[in-house]
Amino acid sequence: MASILINGSPTSEFQFHCGLKQGDPLAPYLFILIMESLHLSFSRAVDAGIFTGIKIDSSLTISHLFYADDAVFIGEWSNANLTGITHILHCFSLLSGLKINLKKSHLLGVGTSNDTITAAALNLGCSVMKTPFKYLGVMVGGNSSTIKAWDDTIGKLKARLSNWKLKTLSIGGRLTLLKSVLGSTPIYNMSLYKVPKSVLHSMESIRRNFFNGNQGDERKITWVKWSKVLASKKYGGLGVSSYYAFNRALLFKWVWRFISQDNSLWCRFITSMHGSQLLKLSPFHSSIWNTIIREINILKSQGVDLISHCKIRVGNGMSTQFWNDTWVGDTQLRYMFPRIYALEVNKVCTVADKLQGSVALSLRRTVRGGVEAHQLDILQNLIGSTILTNLEDRWVWDLNGEGVFRVKDVRNLLDESFLPKDSTATRWVKSIPIKINVFAWKVYLDRLLTRLNLIRRGVQVPSLSCPVCNAAYEDMSHLLFSCDLANDVVRLVCRWWNLTWSPLGSYSEWLSWFNSIRLCSRIKGMLEGVFYVTWWCLWNFRNHLLFATQNPRKDVIFFDIVSRSFTWCRARCNRTFSWDRWLQHPYLISL
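- Within an unreviewed UniProt entry, the label attached to the protein reads RNA-directed DNA polymerase, eukaryota, and the organism entered is Tanacetum coccineum.

If you want it as structure tokens, here you go:
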């Protein structure tokens, strides 16, 4: 039955005759309202002694957990508790019309004999559950530190990489798939459990083989170190990011939530079980929380102190300790001013208590000259600009300007700390496809499969001469810059863009020449993309010359460059421009 409030007055009750369709946006809200009534009923039953939950400490007792359409009831093993659950659910069914399907329900006993559990399950009409079991997609009761526990996650990664994807995707498509789909596949388990090093190695191997185009047991030459691919573009990589940094960043999110004290049930549970001191390990050595804290301490010993990036922003100063919290500067005041702290009477005083009067009022004696007076002066100058407000004190994250914690910030920090860093950032042009940018990145690193590079890797080739001109050894600098064909094509590109052409012998010479060009930044970015397309077309011409059944034509290379760059730039720019303008004056296009 239901009634509607009209101008604050309820109408007469009317009967529901039809439910909501599956997928209706109102359905989850209606379900939450009904489950809230079950929560209130069960809480009253616990208070009345009908059901006895698990008492963690004097302030916390856990009896039931609800998430979406799953309900978990936790309590002491007794016949009274089992009978109480049955009666409560029966009453809830009569009131709400939601009948409990006991055939889909499970009974789990901890520290109870199998015969007792089986008998109780038969009496209730449900099935018996044994550990480990899967709840909400996560294995519960198993040992997550074993390799076998991660077989399902590794299997999902491999399932994403079917052979048809590998055969049909370009290197740009494979890079996009690595960053999006494969990066998010294991996030559910990685967000709670520390992944063993051998499992991380297996997962990275799957991604590495997919990026390099390896199928099954096939092995190809790895031209670029995988750590280089994982590194940020800011440090010369492709910005894929490592699973190690991703896992540790997700784990630290729980530490941040514990520090910020959101007063949630899990936070109160951790406080009851492990204490309120953050980085101190509790006697429960095999617990998930201890594993997380242990990993944060390991990162700190390796030079990455994530806790130091959690700052307190003082509002009214009532929940921040003056001496023991890091609320001004980067260190606790008791360590910055030890002589004044030794004189303090109330060593757990709040900022609000301390700033209401003089700092020296709560000292056990008058400050003497020398070091004590010097430290007191510095302390007073340091906190003199602090102004208390009516807002509550809150924690902020200092790795971004907004103060909001993001997993991405921690992941980037860990990647910067443990992955190789190049002094030169990866050049990336948004107006051309990813595969062309990756090709240009390999040109910069000199990682193309030229004959000279193949010889250095121990691969036998019929000749070291350039297959285009046969005038010099084929290396990257000669093929794309010094070869006669490359000079002719680049000369046409410079004439097309109204640039003064000069012979170039290497990538570094081209980069110096390109940086000297004076053009609008957007137009210059488009010009850089044209040069990337030029190198790519020259490389394709070389490959067709060596491996195609028919010899390619040199006279169509320039037209291919113009047409491809027009198609790609026009599709990726916010402005539209005609073919005639692109062909005649591309440097005058208004973007």
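Here we look at the overall build of the protein
At step 1: Helix and strand counts for the protein come out as 26 helices and 12 strands.
At step 2: The C-alpha radius of gyration computed for the protein amounts to 33 Å, which surpasses the reference 25 Å derived for 591 residues by more than 25%, pointing to a less compact arrangement than a globule.
At step 3: Dimensions of the protein, computed from C-alpha atoms along their principal axes, come out at roughly 95 × 80 × 60 Å.
At step 4: When the 591 residues of the protein are sorted by exposure, 40% land in the buried category.
At step 5: A fraction of 60% describes how many contacts in the protein between residues 6 or more apart in sequence connect residues 24 or more apart.
At step 6: Looking at the protein as shown, the accessible area adds up to about 33600 Å², and 54% of this sits on carbon and sulfur atoms.

Focus: the pattern of salt bridges
Opposite charge on two side chains makes pairing possible when the charged atoms of those side chains draw close.
At step 1: Summed over all chains, the structure comprises 16 salt bridges.
At step 2: Put simply, Arg207 and Glu204 hold a salt bridge, and the shortest N to O gap is 2.9 Å. In this pair, Arg207 and Glu204 both sit in helix α9 (residues 197-212), 3 residues apart, roughly one turn of the helix. Across the pair, exposure class does not vary: Arg207 and Glu204 are buried alike.

Points about the nonpolar core
At step 1: Judged by nonpolar contacts, the single largest core of 63 residues is most densely connected at Phe252 and Val255.
At step 2: Take this core: its biggest share by element is 11 residues, from helix α11 (residues 243-260).
At step 3: Among all residues touching Phe252, those that are not within four sequence positions of it are Ile296, Leu306, Ile307, Cys310, Trp397, Phe405 and Val410.

Brief notes about the environment of Val367
At step 1: Here Val367 is to be found in the loop between α16 (351-355) and α17 (371-383).
At step 2: In this structure, the C-alpha to C-alpha distance between Val367 and Ile340, residues 27 residues apart in sequence, is 8.1 Å.
At step 3: Not counting the four nearest positions on each side in its chain, Val367 is found in contact with Ile340, Leu343, Glu372, Ala373 and Leu376.

Some remarks on the UniProt feature "domain: Reverse transcriptase" (unreviewed entry) in the protein
At step 1: In this numbering, the UniProt entry assigns the feature "domain: Reverse transcriptase" (unreviewed entry) to residues 1-140.
At step 2: As annotated, residues 1-140 has a helix share of 36% and a strand share of 21%, and its two end C-alpha atoms lie 40 Å apart.

Considerations on the packing of aromatic side chains
At step 1: If you walk through the whole model with that rule in mind, you get 38 aromatic pairs.
At step 2: Arranged with centres 5.6 Å apart and planes meeting at 25°, the rings of Phe577 and Trp582 form a pair that is stacked. Like Phe577, the residue Trp582 is buried in the burial classification.
At step 3: Members of the aromatic cluster, joined through ring pairs, are Tyr444, Phe481, Tyr507, Trp510, Trp513, Phe514, Phe531, Tyr532 and Trp535.
At step 4: The ring of Phe322 has Lys354 sitting right over it, with the charged end atom 5.8 Å from the ring centre.
At step 5: Positioned over the ring face of Trp223 is Arg457, at 4.8 Å from the centre of the ring.

Looking at α17
At step 1: Compared with the 18 Å implied by 1.5 Å per residue over 13 residues, the 18 Å span of α17 between its first and last C-alpha is a close match.
At step 2: Of all the positions in α17, only Glu372, Gln375, Leu376, Leu379 and Ile383 are classed as buried. Axial view of α17: buried residues confined to an arc of 100°, hence all on one face. Those residues of α17 that are exposed and angled more than 90 degrees off the buried face are His374 and Asn381.
At step 3: Along its buried surface, α17 packs onto α14 (333-336), α15 (338-343) and α16.

Focus: a nonpolar patch on the surface
At step 1: A surface patch of nonpolar side chains, amounting to about 530 Å² of accessible area, comprises Leu20, Leu26, Tyr29, Leu30 and Leu33.
At step 2: In this structure, Leu33 sits in helix α1 (residues 27-47).
At step 3: A relative accessible area of 60% means that Leu33 is categorised as exposed.

As for unusual backbone geometry
At step 1: Note the cis peptide between Thr131 and Pro132, where omega equals -5°.
At step 2: For Asp446, which is not a glycine, the phi torsion comes out positive at approximately 55°.
At step 3: With respect to the helices, strands and loops of the structure, Asp446 is situated in the loop between α19 (434-445) and α20 (451-456).
At step 4: Its relative accessible area of 27% is what places Asp446 among the partly exposed residues.
At step 5: A positive phi is found at Asn470, a non-glycine position, where the angle reads about 55°.
At step 6: With respect to the secondary-structure elements, Asn470 resides in the loop between α20 and α21 (476-482).

Topic: the environment of Thr11
At step 1: Mapped onto the elements, Thr11 comes out in the loop between β2 (9-10) and α1.
At step 2: The class of Thr11 is partly exposed, set by a relative accessible area of 30%.

Notes on the side chain of Lys524
At step 1: For Lys524, the position within the fold is in helix α24 (residues 521-547).
At step 2: Here Lys524 occupies a buried position and makes no salt bridge, while the nearest side chain of opposite charge, Glu528, is found at 7.8 Å.
At step 3: With residues up to four places along the chain from it excluded, the contact list for Lys524 reads Phe514, Asn515, Ile517 and Leu519.

Here's the deal with the state of the cysteines
At step 1: Summed over all chains, the structure comprises 0 disulfides.
At step 2: We note that Cys466 lacks a disulfide partner, and the nearest cysteine sulfur, in Cys469, lies 3.8 Å from it.
At step 3: No disulfide involves Cys520; its sulfur sits 11 Å from that of Cys573, the nearest cysteine.

Thoughts on the pairing of strand β6 (residues 70-73)
At step 1: By the bridge criterion, 4 bridges tie strand β5 (residues 64-67) to β6 in an arrangement that is antiparallel. Looking at β6, one finds that Leu65 is bridged to Val72.
At step 2: What sits between the antiparallel neighbours β5 and β6 is a turn of 2 residues, in which Ala68 has the positive phi angle 55°.

Comments concerning the environment of Ile187
At step 1: Considering the arrangement of structural elements, one finds Ile187 in helix α8 (residues 187-190).
At step 2: Distance from Ile187 to Lys130, taken between C-alpha atoms, is 25 Å for residues 57 residues apart in sequence.

Analysis parameters
The numbers attached to residues start from 1 for each chain and follow its sequence in the written order. Owing to the predicted nature of the model, reporting of local features is limited to residues with pLDDT of at least 70; listing and counting of side-chain atom pairs is limited to 80 or more, with chain, interface and lining totals taken over all residues. Side-chain descriptors were evaluated using all non-hydrogen atoms of the structure, hydrogens and water having been removed beforehand. Numbering goes from the N terminus for both helices and strands, where a helix is a DSSP run of H or I of at least four residues and a strand is a run of E of at least two. Atoms considered for the radius of gyration are the C-alpha atoms alone. The globule rule reads 2.2 Å times the number of residues to the power 0.38. Buried residues are those whose accessible area, probed at 1.4 Å on protein chains only, stays under 20% of the maximum for their type, while exposed residues exceed 50% and partly exposed ones sit between those limits. Contacts are assigned to residue pairs that have any heavy atoms within 4.5 Å of one another. Exposure was quantified through the Shrake-Rupley algorithm and a 1.4 Å probe, taking into account, for residues, occlusion by the shown protein chains and nothing else. By salt bridge we mean one thing: a side-chain nitrogen of Lys or Arg within 4 Å of a carboxyl oxygen of Asp or Glu. Put simply, a nonpolar core is a bunch of buried Ala, Val, Leu, Ile, Met, Phe, Trp, Tyr and Cys residues held in one set by side-chain atoms that sit within 4.5 Å of each other. UniProt positions are given in the numbering used here, feature names are shortened, and annotations may be inferred rather than shown by experiment. The criterion for an aromatic pair is that two Phe, Tyr or Trp rings (for Trp, the six-membered ring) have centres within 6.5 Å, with stacked assigned to planes under 30 degrees apart, edge-to-face to planes over 60 apart and tilted to the rest. Here, a charge over a ring is recorded when the distance from Lys NZ or Arg CZ to the ring centre is within 6 Å and its angle to the ring normal is within 35 degrees. Under the convention used throughout, the expected extent of a helix is 1.5 Å for every residue step, that is, one less than its residue count. The arc under discussion is defined with respect to the helix axis, by the directions toward the C-beta atoms. Like-charged residues within 9 Å of one another, or nonpolar side chains (Val, Leu, Ile, Met, Phe, Trp, Tyr) within 5 Å, are grouped into patches, provided each residue has over 30% relative accessible area and no salt bridge. Charged-residue counts in this description rest on Lys and Arg as positive and Asp and Glu as negative, His and the chain ends being excluded. To count as a disulfide, a pair of cysteine sulfur atoms needs to be within 2.5 Å. Only strands that DSSP links by at least two bridges are regarded as paired with each other.

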